[in-house]
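The chain contents come next:
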Amino acid sequence: MNNGDIRVDDKEVIKALANLSFKQMNKAYRTGMKKALDPILKQTKTNLRSSGIRNVNKPYIGKNGKKYKSMLQGVKTSVYIGDTEDSYGKVHIMNEFRLKWFEMGTNTRHTRKGWNRGSISPKWFFRNAVNQKGKEAVDNLDKNIRESIMKAWNKK
């Protein structure tokens, strides 16, 4: 995806930005960014549920008794607000260790004695979600940021 400049020509939004503190501006920007990423997040979870992987809603309990998150809880969004060029938002699946293998698949695995342990075929639930909803997220980014700034200004 290509990151483009965000330009806002609304007089009310510029006036609202002038009246907000730095902390309130960052919070409004973060809220708008997260709201723009929601379609990708929801589509990823929908694709994961329909991918044929069993027990995506249930937490995984390891052999040592340790309880891990469910796979649906492993799909997250994060937003980083830095300088103007450094700000970004992302949806990622790396919050739960099993999702990487189901997304990309594995090669056939063998033990040292030659026993076959099988392989996992790729499900591509995340890649398909980005392809389906990525353009919608980019298109709605300006609108969501503008709305969150106006909401913060009206709240003040």
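Model, not experiment: these values are computed from the prediction.

## Re unusual backbone geometry
Step number 1: Here the phi dihedral of Asn55 falls at roughly 60 degrees; this positive angle occurs in a residue that is not glycine.
Step number 2: By the secondary structure assignment, Asn55 is in the loop between α2 (22-49) and β1 (60-61).
Step number 3: Backbone geometry places Trp124, a non-glycine residue, at a positive phi of 55 degrees.

## Brief notes about the pattern of salt bridges
Step number 1: Applying the stated rule across the entire model yields four salt bridges.
Step number 2: Residues Lys135 and Asp139 are paired through a salt bridge, measuring 3.7 Å at the closest nitrogen-oxygen approach. Placement of both Lys135 and Asp139 in helix α4 (residues 125-155) is noted, with a separation of four residues, approximately one turn of the helix.

## Remarks on the side chain of Ser148
Step number 1: Tracing the sequence through the fold places Ser148 in helix α4.
Step number 2: Owing to a relative accessible area of 10%, Ser148 belongs among the buried residues under this scheme.
Step number 3: Separated by 2.9 Å, the side chain of Ser148 and the backbone oxygen of Ile145 make a polar contact.
Step number 4: Beyond its immediate chain neighbours, meaning those up to four positions away, Ser148 contacts Ala28, Tyr29, Thr31 and Gly32.

## Focus: a nonpolar patch on the surface
Step number 1: A contiguous nonpolar patch, built from Tyr60, Phe97 and Trp101 and spanning about 290 Å² of accessible area, is present on the exposed surface.
Step number 2: As for its placement among the helices and strands, Phe97 is situated in the loop between β4 (88-92) and α3 (99-104).
Step number 3: We classify Phe97 as partly exposed; its relative accessible area is 37%.

## Comments concerning the side chain of Asn144
Step number 1: By the element assignment, Asn144 lies in helix α4.
Step number 2: Judged by its relative accessible area of 6%, Asn144 falls in the buried class.
Step number 3: Setting aside its immediate chain neighbours within four residues, Asn144 contacts Gly32, Lys35 and Ala36.

## Quick look at α2
Step number 1: With 28 residues, α2 ought to run about 40 Å at 1.5 Å a step, and its terminal C-alpha atoms sit 40 Å apart, in line with that.
Step number 2: A bend of about 40 degrees at Asp38 is the largest found in α2, and the proline Pro39 appears one to four places after it.
Step number 3: Where α2 is concerned, the buried positions are Ala28, Gly32, Met33, Ala36, Leu37, Pro39, Ile40, Leu41, Gln43, Thr44, Asn47 and Leu48.

## Describing the nonpolar core
Step number 1: With 16 residues, the main nonpolar core has Leu48, Met71, Val75, Val91, Leu99 and Phe125 as its most contacted residues.
Step number 2: When residues of this core are traced back to their parent elements, those giving at least two are α2, α3 and α4.
Step number 3: Of all hydrophobic cores here, the second largest spans eleven residues; its members include Leu20, Ile81, Ile149 and Met150.

## Some remarks on the environment of Trp124
Step number 1: Note on placement: Trp124 falls in the loop between β6 (116-118) and α4.
Step number 2: Between the C-alpha atoms of Trp124 and Lys11, which are 113 residues apart in sequence, the distance is 44 Å.
Step number 3: Leaving out residues up to four positions away in the same chain, Trp124 has contacts with Phe102, Glu103 and Met104.

## Notes on α4
Step number 1: In this model α4 runs just 38 Å from its N-terminal to its C-terminal C-alpha over 31 residues, more than 12% under the 45 Å that 1.5 Å per residue would give.
Step number 2: The largest bend in α4 comes to about 50 degrees, at Lys133.
Step number 3: Here α4 has its buried residues at Phe125, Phe126, Ala129, Gly134, Ala137, Leu141, Asn144, Ile145, Ser148, Ile149 and Met150.

Parameters and conventions
Residues numbered from 1 in each chain as written. Predicted model: local features only at pLDDT ≥ 70, side-chain atom pairs only at ≥ 80, totals over all residues. Heavy atoms only, no water. Helix = DSSP H or I, 4+ residues; strand = E, 2+ residues; numbered from the N terminus. Salt bridge = Lys/Arg side-chain N within 4 Å of Asp/Glu carboxyl O. Buried < 20%, exposed > 50% of the residue type's maximum accessible area, 1.4 Å probe, protein only. Polar contact = N/O pair within 3.5 Å; in protein donor to acceptor, adjacent residues only side chain to side chain. Contact = heavy atoms within 4.5 Å. Patch = residues over 30% accessible without salt bridge, like charges linked within 9 Å, V, L, I, M, F, W, Y side chains within 5 Å. Areas by Shrake-Rupley, 256 points an atom, 1.4 Å probe, with all protein chains shown as cover. Expected span 1.5 Å × (residues − 1). Bend = angle between axes of the 7 residues up to and from the residue. Core = buried A, V, L, I, M, F, W, Y, C linked by side-chain atoms within 4.5 Å.

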